[in-house]
Amino acid sequence: MLKSMTGYGRQEMIADGKKILVEIKSVNHRFADYNIKLPRHLGFLEDKVKKLASEYITRGKIDIYVNIESSEEADKDILLNTELAKGYIDALHKLRDEFGLKDDITVSSVASYTDIFRAERREEDEEALWQAVKSVMEQALSAFVAMRSREGERIEQDLVARVAYMKELAAKVEERSPQTVREYRERLYAKIKEVLEDRTVDEARVLTEAAIFADKVAVNEETVRLSSHFDEFNEIIASGEPAGRRLDFLIQEINREVNTIGSKAQDLAIAKIVVTLKGEIEKLREQIQNIE
């Protein structure tokens with residue numbers, strides 16, 4: 001099944017006291033272009049996030065946002081500057097002895113000198129954190145791919161219907177082409193007879209001219225190749241693999257054959273069919289730009 005390049009997936013989960021949010025969205029792009037946004041201190045996750053995403057996504061402009069929220073207390077360790085604390089205690093003892101003060105030095109009184117404490121962000125267990133993020137991201141990717149698949153199914157149905165219609169038009173060209181030669185021969189015969197009036201018409205000459213005309217306007221090779229391209233188009237769609245680039249190339253080949261038919265055609269009915277085919281080609285091209 002085809003997948004659209006437009007998609008969105010979001011998942012949020014709480015793990016180990018952390019609220020982890022992963023949001024993924026994408027739009028059309030010729031290649032895979034990743035834009036990953038992470039908190040600065042989680043920059044080490046960028047390569048892992050990109051690698052995991054690439055297992056699910058092959059094409060598109062992809063924005064991935066990862067955020068982790070946790071309480072400041074949970075993320076920090078409180079460290080004691082023992083040398084500075086000892087300095088405060090020694091100074092208090094000296095103050096007591098110098099002035100004969102009551103010795104009421106306690107932990108609480110020393111702790112009032114807040115500069116003896118320093119809060120430091122706790123070093124992350126990178127692997128444990130990645131496993132938590134990975135779990136959330138896989139769920140977001142599943143939702144993202146599901147949305148792409150739903151949109152891709154709609155596009156696939158449209159492409160298949162258009163190709164079937166184009167096959168019908170190509171069959172009409174194939175059916176009409178021999179008739180144009182017969183009609184040309186009849187017009188040529190009538191015109192010569194009119195010019196020569198009662199004189200005998202050179203049948204061999206009429207047949208020769210008709211054969212030259214038939215060779216110039218013959219499009220059977222082009223219609224055979226068109227039929228082959230249409231079959232290949234459907235095979236690529238049914239393959240279940242990313243098909244955008246292959247279909248984009250194939251639509252160029254289809255367009256080339258239709259242009260050749262248009263340049264050869266000297267018949268109004270075929271010319272009208274060619275115009276319709278070219279319109280369908282443009283619609284196919286627009287849709288193909290939307291698939292992975």
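Look up: the structure comes first, before these words.
Residues numbered from 1 in each chain as written. Predicted model: local features only at pLDDT ≥ 70, side-chain atom pairs only at ≥ 80, totals over all residues. Heavy atoms only, no water.

K.L.:
Now, about the sheet that holds strand β4 (residues 60–69): what can you tell me, with residues and values included?
P.N.:
Taken in spatial order, the 4 strands of this open sheet run β1-β2-β4-β3, and their pairing is mixed. In this open sheet, the two edge strands, each paired with only one partner strand, are β1 (7–15) and β3 (32–37). Put simply, the sheet's adjacent strands are angled 10 degrees from each other on average, direction ignored. Where strand β2 (residues 18–27) lies against β4, 9 bridges are found, and the strand directions are antiparallel. Along β4, the bridge assignment pairs Ile20 with Ile68. Strands β3 and β4 of the sheet are contacted by helix α1 (residues 46–54), whose axis makes an angle of about 140 degrees with β3. (Pairing = 2+ DSSP bridges. Helix = DSSP H or I, 4+ residues; strand = E, 2+ residues; numbered from the N terminus. Axes fitted to C-alpha atoms, helices over the stretch in contact; angles between N-to-C directions. Contact = heavy atoms within 4.5 Å.)

K.L.:
Give a detailed account of the packing of helix α7 (residues 220–238) against helix α8 (residues 244–264), specifying residues and quantitative values.
P.N.:
Packing of α7 against α8 leaves a shortest axis separation of 10 Å and a crossing angle of 160 degrees. Considered as vectors, α7 and α8 are oriented roughly antiparallel to each other. Seen along the crossing, α7 lies across α8 with a hand that is left-handed. Taken together, the residues of α8 that come into contact with α7 (itself represented by Glu222, Thr223, Arg225, Leu226, His229, Phe230, Glu232, Phe233, Ile236 and Ile237) are Arg246, Leu247, Leu250, Ile251, Glu253, Ile254, Glu257, Val258, Thr260, Ile261 and Lys264. When its residues are assigned to classes, the contact of α7 with α8 shows 11 nonpolar, 3 polar and 7 charged. (Parallel < 35°, antiparallel > 145°, perpendicular 65-115°, else oblique. Left-handed = near helix turned anticlockwise from the far one by under 90°. Nonpolar A, V, L, I, M, F, W, Y, C, P; charged D, E, K, R; others polar.)

K.L.:
Explain the pattern of salt bridges residue by residue, including any values.
P.N.:
Side chains carrying opposite charge are able to pair once their charged atoms draw close together. Tallied over the entire structure, the rule returns 17 salt bridges. Ionic pairing is found between Arg10 and Glu12, a salt bridge with its closest N-O pair at 3.4 Å. Classification of Glu12 as partly exposed rests on a relative accessible area of 37%. With a closest N to O distance of 3.3 Å, Lys61 and Asp33 form a salt bridge. With Lys61 in strand β4 and Asp33 in strand β3, this residue pair connects regions lying 28 residues apart in the sequence. Classification of Lys61 as partly exposed rests on a relative accessible area of 34%. Each of Asp158, Arg162, Glu280 and Lys283 takes part in salt bridges that share partners, so that together they form one network. (Salt bridge = Lys/Arg side-chain N within 4 Å of Asp/Glu carboxyl O. Buried < 20%, exposed > 50% of the residue type's maximum accessible area, 1.4 Å probe, protein only.)

K.L.:
Help me get a handle on the pairing of β2, residues and values and all.
P.N.:
With 9 bridges connecting them, β1 and β2 associate as antiparallel partners. Looking across to β2, one finds that Met13 is bridged to Ile20. In this structure, the hairpin formed by β1 and β2 is closed by a connection of 2 residues, where Asp16 is found at a positive phi of approximately 55 degrees.

K.L.:
Tell me about the nonpolar core, residues and numbers included.
P.N.:
A general tendency of soluble globular proteins is for nonpolar side chains to be buried together. Residues Leu159, Phe233, Leu247 and Ile254 are the most contacted members of the largest nonpolar core, which totals 29 residues. Elements with a contribution of two residues or more to this core: α5 (126–196), α7, α8 and α9 (268–288). With residues up to four places along the chain from it excluded, the contact list for Leu159 reads Leu2, Phe233, Ile237, Leu284, Gln287, Ile288 and Ile291. Formed by 26 residues, the second largest nonpolar core is a distinct cluster that contains Ile20, Leu52, Ile57 and Phe144. (Core = buried A, V, L, I, M, F, W, Y, C linked by side-chain atoms within 4.5 Å.)

K.L.:
So, the packing of aromatic side chains: which residues are in play, and what are the values?
P.N.:
Going through the model one piece at a time under the given rule, you end up with 1 aromatic pair. Judged by centre distance (4.2 Å) and plane angle (15 degrees), the rings of Tyr88 and Tyr113 are stacked. Linking Tyr88 in helix α3 (residues 82–99) with Tyr113 in the loop between α4 (107–111) and β6 (117–121), this pair joins segments that are 25 residues apart in sequence. Judged by relative accessible area, Tyr113 falls into the partly exposed class, the value being 29%. (Phe/Tyr/Trp six-rings, centres within 6.5 Å; stacked < 30°, edge-to-face > 60°.)

K.L.:
Mind laying out the side chain of Asn67, listing which residues take part and the relevant values?
P.N.:
Within the fold, Asn67 resides in strand β4. Residue classification places Asn67 among the buried positions, given a relative accessible area of 17%. Setting aside its immediate chain neighbours within four residues, Asn67 contacts Lys19, Ile20, Leu21 and Pro39.

K.L.:
Lay out α1 in plain terms, naming residues and giving numbers.
P.N.:
Taken residue by residue, α1 has Val49, Leu52 and Ala53 as its buried positions. The buried side chains of α1 occupy one side of the element, clustering within an arc of 100 degrees when seen end-on. Within α1, the exposed residues directed more than 90 degrees away from the buried face are Asp47 and Lys51. (Arc of directions from axis to C-beta.)

K.L.:
Would you mind going over the environment of Ala140 in detail, with residue names and values included?
P.N.:
As for its placement among the helices and strands, Ala140 is situated in helix α5. As a C-alpha pair, Ala140 and Gly9 span 131 residues in sequence and 4.9 Å in three-dimensional space. If sequence neighbours within four positions are ignored, Ala140 has contacts with Gly9, Arg10, Gln11, Val22 and Ile24.

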